[in-house]
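Reading the structure
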Amino acid sequence: MVEAEVRKTSMAERKADGDTVGLNDIITDDENDEVEYEAWKVRELRRLKRDREEREAFAKEQAELDRFRNLTEDEKRAEMKVNPKQITNKAAKGKYKFMQKYYHRGAFYMDEEENVLKR
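As a starting point, this report considers the structure included with it. (Residues numbered from 1 in each chain as written. Predicted model: local features only at pLDDT ≥ 70, side-chain atom pairs only at ≥ 80, totals over all residues. Heavy atoms only, no water.)

1. Some thoughts on the overall build of the chain
Of the regular secondary structure elements, the chain holds three helices and zero strands. Sequence-ordered secondary structure for the chain, helices as α and strands as β, is α-α-α. Among the 119 residues that make up the chain, the fraction classed as buried is 2%. Just so you have it, the chain exposes about 12700 Å², and 53% of that area is on carbon and sulfur atoms. (Helix = DSSP H or I, 4+ residues; strand = E, 2+ residues; numbered from the N terminus. Buried < 20%, exposed > 50% of the residue type's maximum accessible area, 1.4 Å probe, protein only. Areas by Shrake-Rupley, 256 points an atom, 1.4 Å probe, with all protein chains shown as cover.)

In C-alpha cells, the structure reads:
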C-alpha cells in the first residue's frame, strides 16, 4: 500500500516535469487471474466448437458433391426437378415501354442544334 502511494507520487512528479510514463511503471498484474482464466476457457471452447462446426459443414458439402457426381444423368435430372437451384442475386427486371429497348436517339438524326455541335 505504501509502495503504491510512492509510485503514484513519483508518476505525478514525472508528469509535472513533462516526462512520459515508462512501461515499468504500469502494473499489468491483475488479481483476477481466475476470472481471466475462465474467460479464456470460454473463448477457447467457443473457438473449438466453431472450428468443429466448420469442418463438419465442409465434410457434409463434400459428401453431397460426391453423391451428386456419382449420379447418372437421369438421376441428376430428377434431382434437379425436385430441388431446383435458387438464384440469390438475380436482378429484378423492369417493364419496358413499347420499343424502348431498341430506341436510341443517335447523333446523326438530331434536328435541334445543341451546344456540343456548335464547338
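2. Some words on the packing of helix α2 (residues 33-69) against helix α3 (residues 73-82)
At a minimum axis distance of 9 Å, the contact between α2 and α3 shows a crossing angle of 125 degrees. Considered as vectors, α2 and α3 are oriented oblique to each other. For the pair α2 and α3, contact is made by Arg 67, Phe 68 and Arg 69 and by Lys 76, Glu 79 and Met 80, respectively. Considered class by class, the residues forming the contact of α2 with α3 number two nonpolar, no polar and four charged. (Axes fitted to C-alpha atoms, helices over the stretch in contact; angles between N-to-C directions. Parallel < 35°, antiparallel > 145°, perpendicular 65-115°, else oblique. Contact = heavy atoms within 4.5 Å. Nonpolar A, V, L, I, M, F, W, Y, C, P; charged D, E, K, R; others polar.)

3. Digging into the pattern of salt bridges
Scanning the entire structure with this criterion turns up six salt bridges. With a shortest N-O distance of 3.7 Å, Glu 38 and Lys 41 are connected by a salt bridge. Of this pair, Glu 38 and Lys 41 both sit in helix α2, separated by three residues, roughly a single helical turn. On the basis of relative accessible area, Lys 41 is assigned to the partly exposed category, the value being 32%. Each member of the salt-bridge network shares a partner with another, and the members are Glu 44, Arg 47 and Asp 51. (Salt bridge = Lys/Arg side-chain N within 4 Å of Asp/Glu carboxyl O.)

4. A few points about a negative patch on the surface
Taken together, the side chains of Glu 31, Asp 33, Glu 34 and Glu 36 present a region of like negative charge at the surface. Counting through the fold element by element, Glu 36 comes out in helix α2. Overall, Glu 36 belongs to the partly exposed group, its relative accessible area being 40%. (Patch = residues over 30% accessible without salt bridge, like charges linked within 9 Å, V, L, I, M, F, W, Y side chains within 5 Å. Lys, Arg positive; Asp, Glu negative; His and termini not counted. Charge placed at Lys NZ, Arg CZ, Asp CG, Glu CD.)

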